[in-house]
Amino acid sequence: MAGAGAAGFPREVLVEELQCIADVGLWDALRRLKLDVLGTDDSPIPITGYYAPRLFRKLPSFFNLRPESLVPRSHNSIRDRNKCPIAGTLMNTNNMRGFQNLDREQLLKAEVKKILDDIMSGEVEEEPALLLRFVVISFADLKNWKVYYNAAFPSLVFNSKITLLSLQPASKVLTKEEVMFLCTSLLQWIDISAVVPFFLVSITSDSSASVRQLRDWKACKGNYQKLLFGFYDHGCRSDRPGMAIINYIAFLSIRWKIEKVQFFCYREVRGRPDLEQSLIGEASFPPPYGWDDPDYVPDAIGWEGVEPGKGTEEMKPKEIDLQSSNPAIQDEEKQLMHLKLMGWRHFPVDLEKLSRVRVLLLGAGTLGCEVARLLMTWGVRKLTVVDSGSVATPDLVKQSLYIDKDRGVPRVSAIIPHLKERCPAVEVEGIQMEIPVPGHPVSPSKMASVLDECKHLQTLVAANDAVFLLTDTWESRWLPTLLCASENKIAITAVLGCDSYLVMRHGAGPRTCGGTDEVPAQIESLSTEDALSHQRLGCCFCNDAAFLFNSNPNRTLPGLTSVVSGKAVELFARMLHHPDEIHAPGDIAGVETEHQLGLLPHELRGSLPNCVLSMELGISSGNCTACSIAVLSEYRRRGLDFVMQAINYPTYLKDLTGISDLKRPDTCPKMLTSISVNSDKISDVRCLLLGAGTLGCDVARILMDCGVRKLTVVDSGRVVVSNLARQSLYTSDDRGAPKATAIIRHLVERCPSVDAQGFQMEIPMPGHPVSPNEAAGVLQDCKRLKELVASHDAIFLLTDTRESRWLPTLLCTDENKIAITAALGYDSYLVMRHGAGPGIIGEASNVTAVEDKLSTKDALGRQRLGCYFCNDVVAPVDSVSNRTLDQQCTVTRPGLASIASGCAADLFTRMLRHPSGIHAPGEIAGASSGHPLGLLPHQMRGSLSQYNLLTLLGYSSSNCTACSNVVLSEYRRRGMDFVMQVINEPTYLEDLTGLTDLMKSAAYSEVEWVDETDEEDVVEI
Ligand SMILES: [Zn+2]
Ligand SMILES: [Zn+2]
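Residues numbered from 1 in each chain as written. Chains lettered and ligands numbered in written order. Predicted model: local features only at pLDDT ≥ 70, side-chain atom pairs only at ≥ 80, totals over all residues. Heavy atoms only, no water.

Caption draft 1: Up close: the overall build of the protein. Within the protein one finds 35 helices and 35 strands. Residues classed as buried in the protein amount to 60% of the 1021 residues present. Partitioning the intrachain contacts of the protein with sequence separation of at least 6 by distance along the chain shows that 74% fall at a separation of at least 24. On the protein, roughly 39300 Å² of surface is accessible, and the fraction owed to carbon and sulfur atoms is 51%. (Helix = DSSP H or I, 4+ residues; strand = E, 2+ residues; numbered from the N terminus. Buried < 20%, exposed > 50% of the residue type's maximum accessible area, 1.4 Å probe, protein only. Contact = heavy atoms within 4.5 Å. Areas by Shrake-Rupley, 256 points an atom, 1.4 Å probe, with all protein chains shown as cover.)

Right, here's the structure in full:
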C-alpha cells in the first residue's frame, strides 16, 4: 500500500471527535413531550441523530439533533443525504439530582455492549449505522425553561490497540482515473441508495470503481485490485480519521477476522465527494480476547468533552435556555403548566375544551371576582361579565380584583384589565346591564328598555355554554334560570348566606316528546325528563335555597366567598369533564366513583361555624317558578311577552305554578348572634404570614376583610408568570419583583389604612446542611424569624415546603403564639391551629430548673393540642431535590387554595373570639359547641373529590420534632445552637425525639405515613 513506512508510522490511532449540536427545537419538542405525554415516566426514549453535511472544507461536520429526532426513525426520510440518520437513546431525568446521579460510565458501557452484540450477531452487516449508537442524557427543567444535557458517542475499547500503518489523502493514493471513476460511483451511490455511513469501495485493474453495501463483502472478496472499507467521515484533519473508525475496525476484526484494514475516510463538502480531503489508510488490529464471552462487556469511551482516560466526574452539562422565541405563547403555556402537571399523576385536564367553553358570569361583585379568576386558573379563556354596579369603597377588601383607583368605575369596566393583567390570553367582555326581575312592575316609559334587557340576556345565554348566577339579589336569578333551562345551558348557582352557603348546578332542560318541528306541538309535549331520559335535576328556585340568601354581602362571613367560589368552579370543572355534562346524574356522599376528579354532586350545602358540608340531590319541582314545565311551556309559547307579564304582575308566577312569591326577607337572623367581635381589637392583632404564594395572597386578603390591619409577610421568592394564574394578588407588572414587596403594594391598593410590611427572606429548614460561609446568614435568618414571631400575635404557616414550617412551629410553641397552618394536597386540604405551648411545673427560679419542668399541659392546665408535625414519624428533611416536577410544584385543583384560605381565616377569627383563645379545646363537628360563634375545631381536613369535611382532634405528641417538650427544652437550653444543629444534621431531630428508636420498633414498621405527603405543598410554580 502506498504510504506504508512513511514518516511517523506505525503509530497509535488518534481520531477526530464528533461534536453534537442539538437544535433548540429538539429541546422544545422534548419539553412538550415531557409535559403532555411522558409525565413522570423517565424511561429511555429512542431518538434519531443526523450527520450534517460538511459546509466548509476547513471545518469538520457535526452531529445534529433536531425536533424530528424524537419522532421514531421510520418516519424520517432516510434518502436525504443531508440527514444521515443514526439511532440513539435519550435519558431524560425528572430532576437535577437524578441527572447528576446518572452513572455515565455504566450508560456508555451498556451502549457499547449493544454495539458488540450487534457486531457478533451480524446485525451490523444489514444495518451498519448500528455501529454509531449515541446516548444523550438530559434534565428538562420545565419550570425554569432550561435543559441540561450531555451527549456521548460510545467507542469500543479492547485490550488490544489499533495501530495506524498509513494515512494519506485519497487523491494521492489513487490514480487520476481511479479518482474520477470513484467520484462518479459515489455520486451515483448517493443518488440511488439509502444513505449508509459504512460501505465498500472496490476498484478493478481498469480503474473502474464501485460502491457497495457491507453485506456484499463476501461476494467481492478477492475479485478486485483494491478493496477499501469506506465510511462517512465527518472530520477535516489530514492526520487523523474521524471517530467512527474505531467501532468499524472492531467490527471488521471481530466479525470478519480482518487484522489489517484498508480504509477509506470518505469526506464530502456540501454533499459532493471531496477526494482531496478524503483519506486512505491502513490500520492493524490484533484480535482482542475475551470478547466472545456472552457476558463480556468491553470498556467504553465517548462522552463529549471528556478526554480519553479521564473520569466523567468533572463533566459539565451543556445548558440550553428555552425562554425566547414567542413570549406571549410561552406565558400562556406557563400559566397552564399547573393543569398539565395534574395529568402526570392525577387527571388529564381537557385544556382544549376549557379554552373553548364560553362562560357568562352574572355579577361582578364578591363572587364574580373570585369565580372569574378561578375559571382562568382552570384554563377558561372566554368570559362575558354582566353587572350593573360600580366599585365602591367597602367593596375593595371583599371583591378580590378591585383596587383603590377603581372606585366609582362600573365593575364590568374595572374587571377587564384586572383579568387581563393576570392572564393576557383571556377574552373577556363586560356588559353593564340590569337583569330584569319578576314581580317588579315597570313604568310604561321604561317598558322598552326592560324588554331590551330581556332580549339581550336571552342572546347572551344562547351565545354561551355555561352561566354562573352570582348576583346580589335573589330575584335577579329568576330570568337567567328560566333561560338556561329553556336553552339547556349549564347553570351554576352560588349562594352566600350569613355563615352558610349553597353551591349547585341546575338540571338540564326538558326533553321534547315527539319529533315535530312545529312550535305549538313541542309546547304540549315537554317531558319531565331531560334529553338523556334522566329525571331533571332541580334549579335554585326548586327548593328552599332562597332562605339562605343573604342580600347584604357585607354581612357575610369573610372567608365564605373564597370557600364558595372555589367550590362553584370545581363543580363546574368536574361537570365539564363528565361525559354527560349537564345531564350527569347527581352523586351523593359515599357513592363510589372511578373518576379521578371524584364525585359530581347536584347541590353542596355547608356552614363555616358548624364545620359541615353536605351533598344533596333534588329533582326539578313541578311547581318551580323558574324551571317547571308549566313555566317553560308558557315561555316557549309566548316568549318575552310571558317574561314581561311575570315582571309586571307580582302574582302571575304564583298563579301559574301555585307557589308563593320569590322574594325572601333580607334579614339574616343568625348574624345577630354571630357577630360579637370588637372590631377595634381585631384591627390591633398583628398577623405574620409566612409565605406569599397562593395561600398567602388569599389569606392576606381575607384577613383584611376580617378587619385585620397589621400584617407582616415573609417570602423569599419573586413573582413569575406561572404564579399569575393562581396567586390572586399578583399581576403581570409584578414579574420579577420580590413577592414580599409586591404583596404589600397590592394589599395597600385595596385598603390604604393597612399597616403592612414585607420581608424577603428564606426560612431556615432542618436537614438542609449549610456551608460554613452560609452559616452566618442562616443564623441571622433564624434570629430574625424569632424576633418576628415574638413581635406578632398570630402566625400563619403558608410556606411551600413541609420543612420550612418546622422552625416557625417551634418558635410559636416556645412563645405560646397562635399558629395556623394551611396545607394543600392535590384535592384535599388541611387547616389547623397548633396547640398552646407547655406550662411550667412549680416555680422555677432559674433557667436551668425550667428545662426539666415543662408540663405536658398548657398554662391553663389543659392537654396541649398538637402541631403540624405531631403525627409524623419522620423528621422534616429536604423534600424537594429528589422529586418529579409535579411533586416539586404544588399540583392542586385550582379551587382548593381559595377554600383552604377561607377556612384558615375563618378558624383564626373564631379562635380570636373564643374566651380561651389559643388554649381553647378542640371541638369535633356534631358535638354541640354551645358557643354562639360556632365550633372551634383543632384540625379540618376537606376533600374535593369526596366533598367531605372532617374535624379532627390530636394532642401534642411527646415524640414531635417541633412541639414536644424534649425539643422545646433543648431549644430553651441551647437556643440557636440547637437550631443550627437541626439544620445541619438530618438525623439529629429523630434521634433527639426518640423517633429513630420508634421507627426501629416493630409497631411502627407498618405505619403508613406516605399519605401524609399528599398534604404537602412543595414549591409553587
Ligand atoms: Zn326549578
Ligand atoms: Zn407537634
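Caption draft 2: Structural view of the packing of helix H18 (residues 629-638) against helix H19 (residues 640-648). Where H18 meets H19, the closest approach of the two axes is 6 Å, and the angle between their N-to-C directions is 120°. With respect to each other, H18 and H19 are oriented oblique. The residues of H19 that touch H18, namely those facing Val631, Glu634, Tyr635 and Arg638, are Leu640, Asp641, Phe642, Val643 and Gln645. (Axes fitted to C-alpha atoms, helices over the stretch in contact; angles between N-to-C directions. Parallel < 35°, antiparallel > 145°, perpendicular 65-115°, else oblique.)

Caption draft 3: How the structure looks around the coordination of the zinc ion (ligand 1). Only Cys539 (SG), Cys542 (SG), Cys624 (SG) and Cys627 (SG) from the protein coordinate the zinc ion (ligand 1), and they sit 2.2 to 2.3 Å from it. For the zinc ion (ligand 1), the four donor atoms are set out with angles of 97 to 124° between them, so the coordination reads as tetrahedral. Linear spacing of the donor residues for the zinc ion (ligand 1) on their chain is C-x2-C-x81-C-x2-C. Remark: Cys624 occurs in the loop between strand S25 (612-616) and H18 and Cys542 occurs in the loop between helix H15 (519-524) and helix H16 (545-548); sequence separation between them is 82 residues. With respect to class, Cys542 is no different from Cys624; both count as buried. (Donors = N, O, S within 2.8 Å, 3.2 Å for Na, K, Ca; no water. Tetrahedral: all angles 85-135°; square planar, octahedral: opposite > 155°, others 65-115°.)

Caption draft 4: Broad picture of unusual backbone geometry. Residue Phe9 is joined to Pro10 through a cis peptide bond whose omega torsion reads -10°. Along the chain, the position of Pro10 falls in the segment before strand S1 (11-12). Of note in the backbone geometry, Ser533 takes a positive phi value of approximately 60° without being a glycine. Following the sequence through the fold, Ser533 ends up in the loop between H15 and H16. Of the residues examined, Ser533 reaches a relative accessible area of 41% and is grouped as partly exposed.

Caption draft 5: Layout of the side chain of Lys567. Its place among the elements puts Lys567 in helix H17 (residues 560-576). As a buried residue without a salt bridge, Lys567 has its nearest oppositely charged side chain in Asp906, at a separation of 11 Å. Residue contacts for Lys567: discarding those within four places in its chain leaves Tyr501, Val503, Leu604, Leu613, Ile899 and Tyr947. (Lys, Arg positive; Asp, Glu negative; His and termini not counted. Salt bridge = Lys/Arg side-chain N within 4 Å of Asp/Glu carboxyl O.)

Caption draft 6: Highlighting the packing of aromatic side chains. Per the counting criterion, the structure on display carries 28 aromatic pairs. Ring geometry for Phe642 versus Tyr652: centroids 5.8 Å apart, planes at 65°, classification edge-to-face. Highlighted residues: Phe642 in helix H19 and Tyr652 in helix H20 (residues 652-657), separated in sequence by ten residues. Take Phe642 and Tyr652: they sit in the same class, and that class is buried. Over the ring of Phe99 we find Arg104, and its NZ or CZ is 5.0 Å from the ring centre. For the cation-ring pair, Arg805 lies above Tyr868, with the distance from its terminal atom to the ring centre recorded as 5.0 Å. (Phe/Tyr/Trp six-rings, centres within 6.5 Å; stacked < 30°, edge-to-face > 60°. Lys NZ or Arg CZ within 6 Å of the ring centre and 35° of its normal.)

Caption draft 7: Examining the pairing of strand S34 (residues 939-943) more closely. In terms of burial, S34 is a largely internal element, five of the five residues being buried. Burial along S34 is two-sided: Gln939, Arg941 and Ser943 facing one way and Met940 and Gly942 facing the other are all buried. Direction of pairing for strand S31 (residues 828-833) relative to S34: antiparallel, over a ladder of five bridges. Considered in S34, the bridge of Ser828 is made with Ser943. Counted between consecutive antiparallel strands, the loop separating S34 from strand S35 (residues 948-952) contains four residues, among which Tyr947 sits at a positive phi close to 50°. (Pairing = 2+ DSSP bridges.)

Caption draft 8: Seen up close, the sheet that holds strand S8 (residues 163-169). Reading across from one edge, S1-S8-S15-S12-S11-S9-S10 is the order of the seven strands in this open sheet, with mixed pairing throughout. Each of the sheet's edge strands pairs with one partner strand only, and the pair in question is S1 and strand S10 (209-212). Taken together, the six bridges between strand S12 (residues 260-266) and strand S15 (residues 279-284) define a ladder with antiparallel strand orientation. Residue pairing across strands places Gln262 opposite Glu282, the latter belonging to S15. Packing against the sheet, helix H8 (residues 244-256) makes contact with strand S9 (198-203), strand S11 (226-232), S12 and S15, and its axis sits at approximately 135° to S11.

Caption draft 9: Here's a closer look at the nonpolar core. Residues Phe264, Leu383, Phe572 and Phe908 are the most contacted members of the largest nonpolar core, which totals 231 residues. By residue number, the principal contributor to this core is helix H30 (residues 896-913), which donates eleven residues. Leu362, Ile431, Cys624 and Cys627 belong to the second largest nonpolar core, which has 44 residues in total. (Core = buried A, V, L, I, M, F, W, Y, C linked by side-chain atoms within 4.5 Å.)

Caption draft 10: Up close: the coordination of the zinc ion (ligand 2). Summarising the metal site, the zinc ion (ligand 2) is bound by the protein donors Cys867 (SG), Cys870 (SG), Cys960 (SG) and Cys963 (SG), whose distances to it range over 2.2 to 2.3 Å. Coordination at the zinc ion (ligand 2) is tetrahedral, judged from the four donor atoms that bind it and the angles of 97 to 121° they form at the metal. Sequence spacing of the donors to the zinc ion (ligand 2): C-x2-C-x89-C-x2-C. A single burial state applies to Cys960 and to Cys963, both of which are buried.

Caption draft 11: Focus on a negative patch on the surface. A cluster of like negative charges, contributed by Asp103, Glu105, Glu313 and Glu314, occupies part of the molecular surface. Position of Glu105 relative to the elements: it lies in helix H3 (residues 104-121). (Patch = residues over 30% accessible without salt bridge, like charges linked within 9 Å, V, L, I, M, F, W, Y side chains within 5 Å. Charge placed at Lys NZ, Arg CZ, Asp CG, Glu CD.)

Caption draft 12: Expanded view of the environment of Lys783. On the secondary structure map, Lys783 appears in helix H26 (residues 772-790). Since its relative accessible area comes to 42%, Lys783 is described here as partly exposed. For the pair Lys783 and Met976, spaced 193 residues apart in the sequence, the C-alpha separation amounts to 7.6 Å.

Caption draft 13: The arrangement of a nonpolar patch on the surface in detail. A cluster of nonpolar side chains, namely Leu55, Phe56 and Leu59, defines an oily patch on the protein surface of about 300 Å² accessible area. Within the secondary structure, Leu55 sits in the loop between strand S3 (45-51) and strand S4 (63-65).

Caption draft 14: How the structure looks around H3. For H3, with 18 residues, the first-to-last C-alpha span of 26 Å sits near the 26 Å given by 1.5 Å per residue. Taken as a whole, H3 has its buried residues at Arg104, Leu107, Leu108, Glu111, Val112, Lys113, Ile115, Leu116, Asp118 and Ile119. The distance from a side-chain oxygen at the start of H3 to the backbone nitrogen of Glu105 is 3.3 Å, and the residue carrying that oxygen is Asp103. (Expected span 1.5 Å × (residues − 1). Polar contact = N/O pair within 3.5 Å; in protein donor to acceptor, adjacent residues only side chain to side chain.)

Caption draft 15: How the structure looks around the pattern of salt bridges. Going through the model one piece at a time under the given rule, you end up with 47 salt bridges. Its salt-bridge partner being Asp331, residue Arg735 comes within 2.8 Å of it at the nearest N-O pair. Note that Arg735 is positioned in the loop between helix H24 (721-724) and helix H25 (739-750) and Asp331 in helix H9 (residues 327-345), a separation of 404 residues in sequence. Taking the relative accessible area as the measure of exposure, Asp331 reaches 12% and is therefore buried. Residues Arg411 and Asp387 are paired through a salt bridge, measuring 3.1 Å at the closest nitrogen-oxygen approach.

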